[in-house]
Amino acid sequence: MGRSQAAVVRVLGSHCWLREAAASGRAAALRMALLLAVAVVCAPAHSQACDKPVYLTFDTGHMDIAPLVADVLRRHGVKATFFAANERTKVGDGSLGAHWAAWWKARADEGHEFASHTWDHVYWRADLPGDPPRFRVRASAGPEAGRDQVWSAAQYCQEIDRAARRLQQVTGRPPLPLYRAPGGKTSPRLVAAARSCGWQHVGWSPAGFLGDELPSE
């Protein structure tokens, strides 16, 4: 996949990874969803040449099915962009911790791309009045998980950058200058604040959505 991202189809994302895959039926359903996604991406055009790219993206979560995802992508020769946050994992010390570092490096060696999903999977909650801009946010991981915080634009940029720097450390390659807000929740002010420090927000196209997040509005 190229370094530029014109459109994004989200086929299997964070809340598929975050949900427990305890039952074999659930695991089978995830496997079928991924295989279907790959089939759509790889399907040849029968009537006319394809003139628009489709970008397959994945968001981190508890990493339980991460090896399966990597295996299917590798067997079918499909490249994807992984948006990563340091979320709590079922095994190891967090999805961007030492335990999973080799997994990320292997994906880089296979030619996948990477981008930030914020470090502590921080949800935008609201814009606060006043200037300079401030935001109410809530992390779902890390020491402040579940607590509302008030952040400046600079603090939000630092949160995006922290995940990107860790991705570069474990993969050995610079991540894309992109980020994805957890849950897809943003405001025009938040997106503008991130853009001012070099981060472009990337959401999911409606047709490529398989999760339970809702649009910000």
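For the structure, see preceding data.
Here, residues in each chain are numbered from 1, in the same order as that chain's written sequence. Side-chain atom pairs in this predicted model are given and counted only at pLDDT of 80 or more, local residue features only at pLDDT of at least 70, and totals for whole chains, interfaces and linings cover all residues. Hydrogens and waters are ignored; side-chain quantities use all the structure's heavy atoms.

J.: Give a detailed account of the nonpolar core, specifying residues and quantitative values.
T.: In this description, a nonpolar core means a group of buried Ala, Val, Leu, Ile, Met, Phe, Trp, Tyr and Cys residues linked to one another through side-chain atoms lying within 4.5 Å. Whether a residue is buried, partly exposed or exposed follows from its accessible area with a 1.4 Å probe, protein chains only, as a fraction of its type maximum: under 20%, in between, or over 50%, in that order. Core analysis: the biggest nonpolar cluster contains 23 residues, and Phe 58, Leu 73, Phe 82, Leu 96, Trp 103 and Trp 104 have the highest contact counts within it. A run of DSSP states H or I qualifies as a helix once it reaches four residues; a run of E qualifies as a strand once it reaches two. Both are numbered from the N-terminal end. Elements with a minimum of two residues in this core: strand S2 (56-59), helix H3 (66-76), strand S3 (81-84), helix H4 (101-109) and helix H5 (153-171). In this structure, Val 122, Phe 135, Ala 139 and Ala 164 belong to the second largest nonpolar core, which totals 17 residues.

J.: Describe the side chain of Ser 187, naming the residues involved and giving the relevant values.
T.: Residue placement: Ser 187 occurs in the loop between strand S8 (178-179) and helix H6 (188-196). Polar contacts here mean pairs of N or O atoms no more than 3.5 Å apart (in protein, one a potential hydrogen donor and the other a potential acceptor; neighbouring residues in sequence count only if both atoms are side-chain atoms). At 3.0 Å, the side chain of Ser 187 forms a polar contact with the backbone nitrogen of Leu 190. Contacts between residues were defined by any pair of non-hydrogen atoms, one from each residue, lying within 4.5 Å. Not counting residues up to four positions away in its chain, the partners in contact with Ser 187 are Trp 124, Asp 127 and Phe 135.

J.: Which residues make up the packing of H4 against H5, and what values go with them?
T.: Remark: H4 packs on H5, axes separated minimally by 8 Å, with the N-to-C direction vectors making an angle of 75 degrees. Classified by the interaxial angle, the pair formed by H4 and H5 is roughly perpendicular. Here Ala 101, Trp 104, Lys 105 and Ala 108 of H4 lie close against H5, whose contacting residues are Arg 166, Leu 167, Val 170 and Thr 171. Looking at side-chain class alone, the contact of H4 with H5 contains five nonpolar, one polar and two charged residues. Think of each axis as a best-fit line through the C-alpha atoms, taken over the contacting stretch in the case of a helix, with angles from 0 to 180 degrees between the N-to-C directions. Comment on the angle field: the value is read as roughly parallel under 35 degrees, roughly antiparallel over 145, roughly perpendicular from 65 to 115, and oblique elsewhere. Gly is placed with the polar residues, together with every amino acid not listed as nonpolar (Ala, Val, Leu, Ile, Met, Phe, Trp, Tyr, Cys and Pro) or charged (Asp, Glu, Lys and Arg).

J.: Requested: an account of unusual backbone geometry, with residues and values cited.
T.: The omega torsion of the bond from Asp 131 to Pro 132 falls at 5 degrees, within 30 degrees of zero and hence cis. You can see Pro 132 is positioned in the loop between strand S5 (122-128) and strand S6 (134-139). The phi torsion at Met 63 lies on the positive side, around 70 degrees, for a residue other than glycine. Mapped onto the fold, Met 63 is located in the loop between S2 and H3. Look at Met 63 and you get buried, because its relative accessible area is 1%.

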